[in-house]
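In case you want the letters, here they are:
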Amino acid sequence: MNVAFQATKTALHGTAEMVIAGHRAVCDPSGALYLESDRILVVSDLHFEKGSSFARRGMLLPPYDTATTLAALAKVIARYNPTCVISLGDSFHDGDAAARLPAIYAAELATLMEGREWIWITGNHDPDHPADLPGETFTELALGNLVFRHEPSKSPCSGEIAGHLHPAAKVVRRGQSVQRRCFVSDRSRMIMPAFGAYTGGLNILGRAFHGIFEAHAITAYMLGHARVYPMVRKALYL
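No experiment lies behind these values; they were computed from the predicted model shown. (Residues numbered from 1 in each chain as written. Predicted model: local features only at pLDDT ≥ 70, side-chain atom pairs only at ≥ 80, totals over all residues. Heavy atoms only, no water.)

A closer look at the packing of aromatic side chains
Two aromatic rings are characterised by how far apart their centres lie and by the angle between their planes. According to the stated counting rule, one finds four aromatic pairs in the structure shown. Both rings, one in F48 and one in F92, keep their centres 5.4 Å apart while their planes meet at 55 degrees; by these two values the pair is tilted. Of the two residues, F48 is situated in the loop between strand 5 (40-43) and helix 1 (50-56) and F92 in the loop between strand 6 (84-87) and helix 3 (97-100); the sequence distance between them amounts to 44 residues. By relative accessible area, F92 is classed as buried at 2%. (Phe/Tyr/Trp six-rings, centres within 6.5 Å; stacked < 30°, edge-to-face > 60°. Helix = DSSP H or I, 4+ residues; strand = E, 2+ residues; numbered from the N terminus. Buried < 20%, exposed > 50% of the residue type's maximum accessible area, 1.4 Å probe, protein only.)

Dropping the structure here:
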């Protein structure tokens, strides 16, 4: 398997384009990845119902995360109109979250799923098929030269697209630092940013990412408010 990720340019909607195994791919500022030739939209770590999960344990968060994440998902689906959506695991914050999904949000999600293939990749937070929702569930999925899974492999794995680690990158300009969620690639594999509204980020130069990438070849595609900013390794800070 020989897959090359190559940054090309910043395109419409503030996206950043790259080539994945000969397929044009688009890094969207929302944190979604669009594979144009296959009309596949990929998102990771939605963490629906994280707020209610925390509330059950006595840690109160504003109960708006699912609504906010669904609104962002609806917007990016409307932009690209994919024939298939792949959700790369931790779509729900715990094993009961799909069943706990309020009826109004379940209906919104079902509307987004209607008329297109929907694939749930299992994650460490949601190891089973989400209750009462359509779609197919896999632990990982191979499509041509690409492999979609939740947790990145600890061994070299060309063509892998994974999530789980919630990557973020930091740059320093004029004495001020900015850290943003990001896609990260070394031209061989990619880890996607967390899409969910209540998800944080881990610096890609930190310990959690050691050994996954060829360090000198890293490019971070940082998510700004309205565009994606490709940053090479030497521009990044821990």
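Right, picking up where we left off after that structure.
Some words on the UniProt feature "domain: Calcineurin-like phosphoesterase" (unreviewed entry) in the chain
In this numbering, the UniProt entry assigns the feature "domain: Calcineurin-like phosphoesterase" (unreviewed entry) to residues 39-137. Secondary structure content for residues 39-137 is 38% helix and 15% strand, while the C-alpha to C-alpha distance between its ends is 19 Å. (UniProt positions renumbered as here; feature names shortened; annotations may be inferred.)

Quick word on helix 4 (residues 103-113)
The α-helix winds at 3.6 residues per turn, so residues separated by three or four positions along the chain end up facing the same way. Taken together, the buried positions of helix 4 are Y105, L109, L112 and M113. An end-on view of helix 4 places all buried positions within 100 degrees of arc, on one side of the element. In helix 4, the exposed residues that point more than 90 degrees away from the buried face are A103, I104 and T111. Next to the buried residues of helix 4 lie helix 2 (65-80) and strand 7 (117-121). (Arc of directions from axis to C-beta. Contact = heavy atoms within 4.5 Å.)

Here we look at the environment of R173
With respect to the element layout, R173 can be found in strand 12 (residues 167-173). Sequence separation of R173 and A235 is 62 residues, and the distance between their C-alpha atoms is 9.8 Å. Not counting the four nearest positions on each side in its chain, R173 is found in contact with M231 and A235.

Digging into the nonpolar core
In globular proteins that are soluble, nonpolar side chains generally tend to be buried together. Core analysis: the largest hydrophobic core is formed by 25 residues, its most contacted members being L41, L73, F92, L109 and W118. Among the elements of the structure, strand 5, helix 2, helix 3, helix 4 and strand 7 are those that each provide at least two residues to this core. The leading source of residues in this core is helix 2, at five residues. Those residues in contact with L109, other than ones at most four positions away along the chain, are F48, L70, F92, L101, W118, W120 and L133. (Core = buried A, V, L, I, M, F, W, Y, C linked by side-chain atoms within 4.5 Å.)

Examining the side chain of H166
Here H166 lies in the loop between strand 11 (160-162) and strand 12. Given the relative accessible area of 13%, H166 is considered buried. Among the polar contacts listed, one links the side chain of H166 to the side chain of D45, at a separation of 3.2 Å. With sequence-adjacent residues up to four places away left out, H166 is seen in contact with D45, H47, A194, T199, G200, G201 and L202. (Polar contact = N/O pair within 3.5 Å; in protein donor to acceptor, adjacent residues only side chain to side chain.)

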